[in-house]
Amino acid sequence: MSKLLYGVEDKPPVVTSILLAAQHLLAALGGIIAVPLVVGGALKLPADQVVALINAALLGSGIVTFIQCRGVGPVGIKLPCVMGTSFAFVGAAISVGFSGGVPAILGSSLVGSLVMIVGSFFMPQIRKLFPHAVTGTVVTMIGLSLVPVAVNWAAGTFGPNPNDPGNLAIAGFVLVTVIALVQFGKGIVSASAVVIGILIGYIVCLALGMISFEQVQKADLFALPQPFHFGMSFPIAGIVAMSIAFMVTIVETTGSFMALGEATETKITGKKLSAGILCDGVGSALASVVSAPPVSTFAQNVGVVSLTGIASRYVVAITGVMLILAGLFPKLGALIVTIPQPVLGGAGLMMFAMIISAGIGMLGKVEHNKRNSLIIAVAVGCGLAVTVKPEILSQMPHFIKEVFHSGITVGALVAVALNLILPGRETEEEEEHEVSPELAREAA
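Criteria and cut-off values
- Residues numbered from 1 in each chain as written.
- Predicted model: local features only at pLDDT ≥ 70, side-chain atom pairs only at ≥ 80, totals over all residues.
- Heavy atoms only, no water.
- pLDDT = per-residue confidence, 0-100.
- Contact = heavy atoms within 4.5 Å.
- Axes fitted to C-alpha atoms, helices over the stretch in contact; angles between N-to-C directions.
- Helix = DSSP H or I, 4+ residues; strand = E, 2+ residues; numbered from the N terminus.
- Left-handed = near helix turned anticlockwise from the far one by under 90°.
- Nonpolar A, V, L, I, M, F, W, Y, C, P; charged D, E, K, R; others polar.
- Buried < 20%, exposed > 50% of the residue type's maximum accessible area, 1.4 Å probe, protein only.
- Salt bridge = Lys/Arg side-chain N within 4 Å of Asp/Glu carboxyl O.
- Core = buried A, V, L, I, M, F, W, Y, C linked by side-chain atoms within 4.5 Å.
- Expected span 1.5 Å × (residues − 1).

Once that is clear, we can look at the confidence of the model for the chain. Taken over all residues, the pLDDT of the chain has a mean of 87, while the share at 70 or more is 95%. A low-confidence stretch, residues 428-444 (pLDDT under 50), is modelled with 25 contacts involving residues beyond four sequence positions or located in other chains.

Here's what the structure looks like:
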């Protein structure tokens, strides 16, 4: 029996859809604005340029989210995907930016996106590298890699009072609230538990005087990001660095799509992967044109789907519209940014842990033998090594750090490599003609 309240092709009532879309927005917003903030801070950009990058990132993410969910011809996987900037691009962007500034980052991203566009045509072959043991391992690793992000939010690591016990108390309160709403709420209350929990936590923080609206007051009411606002340049070294980042992102995004397939009860075929990766590549090229960092599918929103049972792609398409509005109306984006990190941390811990639960569920269906146990154990161990102690790569060459900085990427590459090397490999042949659950519901 399906555990979903709304399937991929279902269209909830408008008001319900807007509320459900808002929690996807809140789950993704921190990641979307984090990369422009980190890159802008590292390059010591003036405040107005950082704001321009953030607005462009919100607009670019919104446009590509809408395309990914709705589909435009062969572009878009037509699943509830929220798009944003992967941290896989941060290291490359900063190194390129030091030598050539923002124009070099955007130009290198534009050319580097061709790696993803070309790679999308080989996804049916890549899909065969991901049997159940590998897929379950990658999905589990996605959740394990995201939990430290939620913990940093909960502790207020990047806020004014890092590791303050009060931060943990607020995060714990939001976590308990979300658990209670999911477990005891009915209908829309349970489905929108994340956004309600964040709203309640926000009100508590507001009462405690923890929220400043200074950013909102300073923000413009309306601002249209200008194409080629920063200009573009095309350094060879920058193009190579960003191309490597795009190759790494293909692996991460493939894992995210696999996790999303499990959460939405959808068979992820090579054809679907091609459409999704192609959208990531075309979307990144488009993002460069509107002066935004490159985009990729956000894994954290898989947790929202797993937790709430809302798999409707139409709901997340509305999230895309919200992101576009946040990019066009900076006051709206500035208001959302006032949400304290501990509030997001409490909800995030629940969402990201749900991805781990989904991965464990997938691994539970894998045949338990010595070969599969080795693949799972070594891949998760290596992925966690990079996740919990990233400084182990600090003395490595730049190329190595660029490729292996992400626990998701390391876990995926180790799992795929072991699956190819260890004897007794079983391939999972794709059945492209198989009717997917969402098409079956559509036909009914």
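As a further point, take the packing of helix H1 (residues 14-42) against helix H2 (residues 47-70). The geometry of H1 relative to H2 is characterised by a closest axis approach of 9 Å and an angle of 145° between their N-to-C directions. Crossing angle aside, the handedness with which H1 passes H2 is right-handed. Two secondary-structure elements touch here, H1 through Leu 29, Ile 32, Ile 33, Pro 36, Leu 37 and Gly 40 and H2 through Val 50, Leu 53, Ile 54, Ala 57, Leu 58 and Ser 61. The residue makeup of the contact of H1 with H2, split by class, is ten nonpolar, two polar and no charged.

Its identity is not glycine, yet Lys 44 carries a phi of approximately 55°, on the positive side. As for its position among the elements, Lys 44 is in the loop between H1 and H2. The phi dihedral of Asn 163 is positive, around 65°, even though this residue is not glycine. Tracing the chain through its elements places Asn 163 in the loop between helix H5 (132-155) and helix H6 (165-184).

A word on helix H12 (residues 300-308). Within H12, nine of the nine residues are buried, which leaves the element mostly enclosed by the surrounding structure. For H12, the set of buried residues is Gln 300, Asn 301, Val 302, Gly 303, Val 304, Val 305, Ser 306, Leu 307 and Thr 308. Looking one or two residues past H12, Gly 309 carries a phi angle of roughly 75°, positive in sign.

The next subject is the pattern of salt bridges. Side chains carrying opposite charge are able to pair once their charged atoms draw close together. Throughout the structure, instances matching the rule amount to four salt bridges. Lys 365 is the partner of Glu 262 in a salt bridge, and the nearest nitrogen-oxygen pair spans 3.7 Å. With a gap of 103 residues between them, Glu 262 in helix H10 (residues 236-264) and Lys 365 in the loop between helix H15 (341-364) and helix H16 (370-388) connect regions that are remote in the sequence. Residue class for Lys 365 comes out exposed when judged on its relative accessible area of 66%.

A word on the nonpolar core. If you look at the biggest cluster of nonpolar residues, it comprises 119 residues, and the most contacted ones within it are Leu 58, Ile 142, Ile 198 and Ile 339. When sequence neighbours within four positions are dropped, the list of residues in contact with Ile 198 reads Leu 26, Ile 339, Val 343, Leu 344 and Ala 347.

As a further point, take the environment of Leu 181. Residue position: Leu 181 is located in helix H6. Taking the C-alpha atoms as reference points, Leu 181 and Ala 287, separated by 106 residues in sequence, lie 37 Å from one another. When residues no more than four places from it in sequence are discounted, the contact partners of Leu 181 are Val 189, Ser 190, Ala 193, Ile 196 and Gly 197.

What follows concerns helix H18 (residues 407-421). The terminal C-alpha atoms of H18 lie 21 Å apart, and with 15 residues this matches the ideal 21 Å at 1.5 Å per residue to within 8%. A large share of H18 lies buried, amounting to eleven of its 15 residues. Of all the residues in H18, the buried ones are Gly 407, Ile 408, Thr 409, Val 410, Gly 411, Ala 412, Val 414, Ala 415, Val 416, Leu 418 and Asn 419. On its buried face, H18 is in contact with H5, H10, H16 and helix H17 (398-404).

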